[in-house]
There are 2 protein chains.
Amino acid sequence: MAKTQITKPKSTAKDRLLEAAVDVFGKYGFEAATTRMIAKKAGVNIASIPYYFNGKEGLYQAAITYIVEKIEAKFGTALQNMAELATGENPNREAARSALENLLGGIVSFMVGSPEAPRVARMILREQLDPSAAYDIIYSRVMARVIDSIATLLTVLMENMSPRSARIRAMAMMGQVTVFRVGRETMVRMIGLEGYTQEETDEIRRIVLEHTRGTIESLSARPAG
Amino acid sequence: MAKTQITKPKSTAKDRLLEAAVDVFGKYGFEAATTRMIAKKAGVNIASIPYYFNGKEGLYQAAITYIVEKIEAKFGTALQNMAELATGENPNREAARSALENLLGGIVSFMVGSPEAPRVARMILREQLDPSAAYDIIYSRVMARVIDSIATLLTVLMENMSPRSARIRAMAMMGQVTVFRVGRETMVRMIGLEGYTQEETDEIRRIVLEHTRGTIESLSARPAG
DNA sequence: GTCTATAGTCGGATAGAC
DNA sequence: GTCTATCCGACTATAGAC
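Calculation notes
- Residues numbered from 1 in each chain as written.
- Chains lettered and ligands numbered in written order.
- Predicted model: local features only at pLDDT ≥ 70, side-chain atom pairs only at ≥ 80, totals over all residues.
- Least-squares fit on C-alpha atoms with pLDDT ≥ 70 in both.
- Contact = placed C-beta atoms within 7 Å.
- pLDDT = per-residue confidence, 0-100.
- Near = placed C-beta within 6 Å.
- Helix = DSSP H or I, 4+ residues; strand = E, 2+ residues; numbered from the N terminus.
- Nonpolar A, V, L, I, M, F, W, Y, C, P; charged D, E, K, R; others polar.
- Axes fitted to C-alpha atoms, helices over the stretch in contact; angles between N-to-C directions.
- Parallel < 35°, antiparallel > 145°, perpendicular 65-115°, else oblique.
- Left-handed = near helix turned anticlockwise from the far one by under 90°.
- Buried ≥ 20, exposed ≤ 12 C-beta atoms within 10 Å, placed from the backbone.
- Arc of directions from axis to C-beta.

## Side note on the relation of the copies chain B and chain A
Superposition record for chain B on chain A: RMSD 0.1 Å, screw rotation 180°, translation along axis 0.0 Å. Such a turn and shift between the copies fits a two-fold axis. Ranked by how close their C-alpha atoms come to the rotation axis, the residues of chain B are headed by Gly175(B), at 2.3 Å. Here 100% of the interface residues in chain B have copies in chain A that are interface residues too; the copies meet face to matching face.

Now the structure itself:
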């Protein structure tokens, strides 16, 4: 190993702990997860958790920040573009519509299809259901931006829609996506799904987008709400 | 207390434990909830939990059964009627549509507006995210019936829809409702809601039904999926 | 910086009096 | 059937060697 090597592929104890923490916290939740499991999965000693992260809670918060940064890396520019699209002089309805469909489709792919979703998405969903101190990070850097982006596009598509109504509608649309992660076990039993496989992910995305399009069309044909 | 007295209004220790269990398990989840909290809230001794329910786990399962029976009391006949409506000779589209809207609207009212929802709905949502041994009860007596009812109505409304597609669509529609319970904290911050108040519940129900109607209309105007 | 050993705390279950 | 007292196990965190 020459010293000139720029990035070492060898992962540090700290990084391995973070990865393991996302895994175990995502699977079991904060209370049910134990530092023993995490340390074992990371292949490090339990004592390194208080050493690096000031204890279980600190590790949890670090893990939340870690996944939020992953999500920003994945969706950040798309969200940025959508914000700009809406503030433009002449908001293009067709562009808004396709941006909305791209975002929702991307979230479906991530939520349902991504191999890391079962850990990452579950941590976020748990924080929705049981907000901890780490919720602020998720809210400000992910949830608020996503909901606001969708809501903004809806106001472009539907001129007289109030911001409040647009946000409630944005939440409802997100619900159509997240339910497939929250209710994965129910889906497996109801439909007899396996994974989700690529085919199943595609079918779900197609259906969600179809519903969304129907909703938008019908809203456009009505007085604003 | 004469022996002839039929039903005692005085709640038994067992019943009080069940009520307290729904409260505490709903609030904190199985792991984070402690038998000490539950016993204290019920005003009974901790030792009565192993005595009556064979321990924490048994109490949890009994609490699940308890809320499932509450839900059946509330929605059972409606679900029954919907099953019959769909198997009739001449499935009435208008009736199916209004039945669907009634069911979804009722679920919104229960999920968002009912004072007992924050405990009951949260226990069910937790089981969706982290199925335990008790999940079977919830699945067979609640989830499967609800999803199947919605899916059946969708096939009435949309003749060539496959059962599989109908179920996926039913899940998506349920997601529009449940998201307001899962993401309550996000809603509070995004919209500045309080409770939910009666007004907020009404607005959410109105919006969800509007979306659903739009989805159905657009599906009716397309080739089946 | 990483380990072993252990301290300190807490939660669930049990024994046995009443 | 309900209580008190207590045990046992599991978990997090710390001390200190290396």
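Still to come is the rest of the account.
## Remarks on the confidence of the model for chain A
Scored by pLDDT, chain A comes out at a mean of 92, with 93% of its residues at no less than 70. Low confidence marks residues 1–8 of chain A, where pLDDT is under 50. Its contacts with residues over four positions away, or in another chain, come to 0 contacts.

## Some points on the protein's contact with DNA strand C
Within the structure, DNA strand C sits among 16 residues, and Asn45(A), Ala47(A), Thr34(B), Thr35(B) and Gly55(B) are positioned closest to it. Every element with two or more residues in the surface near DNA strand C is listed here: helix H3 (48–53) of chain A together with helix H2 (35–42), helix H3 (48–53) and helix H4 (56–87) of chain B.

## A word on the protein's contact with DNA strand D
As a matter of local geometry, DNA strand D sits amid 17 residues, with Thr34(A), Thr35(A), Gly55(A), Asn45(B) and Ala47(B) nearest to it. The set of elements that each furnish at least two residues to the surface near DNA strand D consists of helix H2 (35–42), H3 and helix H4 (56–87) of chain A together with H3 of chain B. Split into classes, the residues belonging to the surface near DNA strand D amount to 8 nonpolar, 6 polar and 3 charged.

## Focus on the interface of chain B and chain A
Taken together, the contact between chain B and chain A spans 48 residues of the former and 48 residues of the latter. For the side of chain B that touches chain A, the secondary-structure elements that each account for two or more residues are helix H1 (13–32), helix H6 (117–129), helix H7 (135–157), helix H8 (163–182), helix H9 (184–191) and helix H10 (198–220) of chain B. Take the side of chain B that touches chain A: its biggest share by element is 14 residues, from H8(B).

## Looking at the packing of helix H1 (residues 13–32) of chain A against H2(A)
Helix packing geometry: the angle between the two helix axes and the distance between the axes. Residues and elements named next belong to chain A. It is at 8 Å that the axes of H1 and H2 come closest, and there the two elements cross at 130°. Relative to H2, the element H1 lies oblique. Once H1 is placed against H2, the crossing between them reads as right-handed. Residues Arg-16, Leu-17, Ala-20, Ala-21, Asp-23 and Val-24 of H1 pack against Met-37, Ile-38, Lys-41 and Ala-42 of H2. For the contact of H1 with H2, the class distribution of residues is 7 nonpolar, no polar and 3 charged.

## Looking at helix H9 (residues 184–191) of chain A
All names here are of chain A. If you check which residues of H9 are buried, you get Arg-184, Thr-186, Met-187 and Met-190. Around the axis of H9, the buried residues are gathered within 155° of arc, so they sit on the same side. Trailing H9 by a residue or two, Gly-192 shows a phi angle of about 75°, which is positive.

## Here's the deal with the packing of helix H8 (residues 163–182) of chain A against helix H10 (residues 198–220) of chain A
All names here are of chain A. At a minimum axis separation of 10 Å, H8 and H10 run at an interaxial angle of 165°. If you check the angle between H8 and H10, you find them roughly antiparallel. Remark: the crossing between H8 and H10 carries right-handed chirality. Contacts between H8 and H10 involve Met-173, Gln-176, Val-177 and Phe-180 from the first element and Ile-204, Val-208, His-211 and Thr-212 from the second. The residue inventory of the contact of H8 with H10, partitioned by class, reads 5 nonpolar, 3 polar and no charged.

## Overview of unusual backbone geometry
Its identity is not glycine, yet Asn54(A) carries a phi of approximately 60°, on the positive side. Inspection of the secondary structure puts Asn54(A) in the loop between H3 and H4.

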